[in-house]
Amino acid sequence: MVTRDLLRSLRNDLPMPFTFRQLGKKAPHSKFVEGRFRFQCPNCKEILAAVNPRNNLGHCFHCKMNINNIDLMLQCGYGFVDAVVLLEQWLRAYNSETASRKTTLHPAKPVEKAGQGAEPIGSILRQEFENHGPQADELTGTL
Ligand SMILES: [Zn+2]
């Protein structure tokens, strides 16, 4: 079901560069210039459209046209319903991609916890290996 919230989410939560990537060859010509995503305006064909990362809205600096994900899909020849269905799939793909990226980006937390939890074990081991010189040093070094 197409709801207002869904449409807002498709416009705001799915970064336009991701939509371009999914569209592949169907998408207008695009490139990153100085960290900004620029693309060929589907309206005037000038490569003077850029995505504002703050509101995820494309804007053409030549003809002043504003273009969001849904507009982009319509410009690429999709019907409204097809556009919404596809964007919804891509938003889900995008969310799972960012979720898996987050888990790989934060291995620090479980490692930290393991380190803290291992401390008493460390002192036990130190006592255990007290007379085994280099081994004990190695253990305290890693813990
Ligand atoms: Zn334009």
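In what follows, the structure referred to is the one given above.
Residues numbered from 1 in each chain as written. Predicted model: local features only at pLDDT ≥ 70, side-chain atom pairs only at ≥ 80, totals over all residues. Heavy atoms only, no water.

1. Brief notes about the side chain of T19
For step 1, the next point in the chain: Mapped onto the elements, T19 comes out in helix α2 (residues 16–23).
For step 2, the next point in the chain: According to the relative accessible area criterion, T19 is buried, its value standing at 0%.
For step 3, the next point in the chain: When sequence neighbours within four positions are dropped, the list of residues in contact with T19 reads L14, N69, L72, M73, L87 and W90. (Helix = DSSP H or I, 4+ residues; strand = E, 2+ residues; numbered from the N terminus. Buried < 20%, exposed > 50% of the residue type's maximum accessible area, 1.4 Å probe, protein only. Contact = heavy atoms within 4.5 Å.)

2. A few points about the nonpolar core
Soluble, globular proteins show a tendency: their nonpolar side chains are buried together.
For step 1, the next point in the chain: Of all hydrophobic cores here, the largest spans 26 residues; its most connected members are L14, F20, L23, F39, M73, L87 and W90.
For step 2, the next point in the chain: Listing elements by their share of this core, those giving two or more residues are α1 (4–12), α2, β2 (36–39), β3 (49–52), α3 (69–75) and α4 (80–105).
For step 3, the next point in the chain: The dominant element in this core, judged by the number of residues it contributes, is α4, at 6 residues.
For step 4, the next point in the chain: Dropping the residues within four chain positions of it, L23 is found in contact with L72, M73, C76, Y78 and W90. (Core = buried A, V, L, I, M, F, W, Y, C linked by side-chain atoms within 4.5 Å.)

3. Observations concerning the pairing of β3
For step 1, the next point in the chain: In the sheet, β2 pairs with β3 via 2 bridges, with the strands oriented antiparallel. Its bridge partner lying in β3, F39 is registered against A49.
For step 2, the next point in the chain: Alignment of β3 against strand β4 (residues 57–60), held across 4 bridges, turns out to be antiparallel. Across the sheet, the residue bridging to A49 is C60, located in β4.
For step 3, the next point in the chain: Count of turn residues in the β3/β4 antiparallel hairpin: 4 residues, of which N56 carries a positive phi of about 55°. (Pairing = 2+ DSSP bridges.)

4. Description of the environment of Q89
For step 1, the next point in the chain: When you line up the elements, Q89 lands in helix α4.
For step 2, the next point in the chain: The spatial distance from the C-alpha of Q89 to the C-alpha of L10 is 10.0 Å, given a sequence separation of 79 residues.

5. Considering the sheet that holds strand β5 (residues 66–67)
The pairing of strands in a sheet happens through backbone hydrogen bonds and is either parallel or antiparallel.
For step 1, the next point in the chain: Across the sheet, which stays open at both edges, the 5 strands sit in the order β1-β2-β3-β4-β5 with antiparallel pairing between neighbours. Strands with a single pairing partner mark the edges of an open sheet, and in this sheet they are β1 (30–33) and β5.
For step 2, the next point in the chain: Relative to β2, β1 runs antiparallel, the two being bridged by 4 bridges. Bridging from a neighbouring strand, F32 pairs with F37 of β2.
For step 3, the next point in the chain: Where α2 meets the sheet, it contacts β1, β2, β3, β4 and β5, and its direction lies at approximately 45° from that of β2. (Axes fitted to C-alpha atoms, helices over the stretch in contact; angles between N-to-C directions.)

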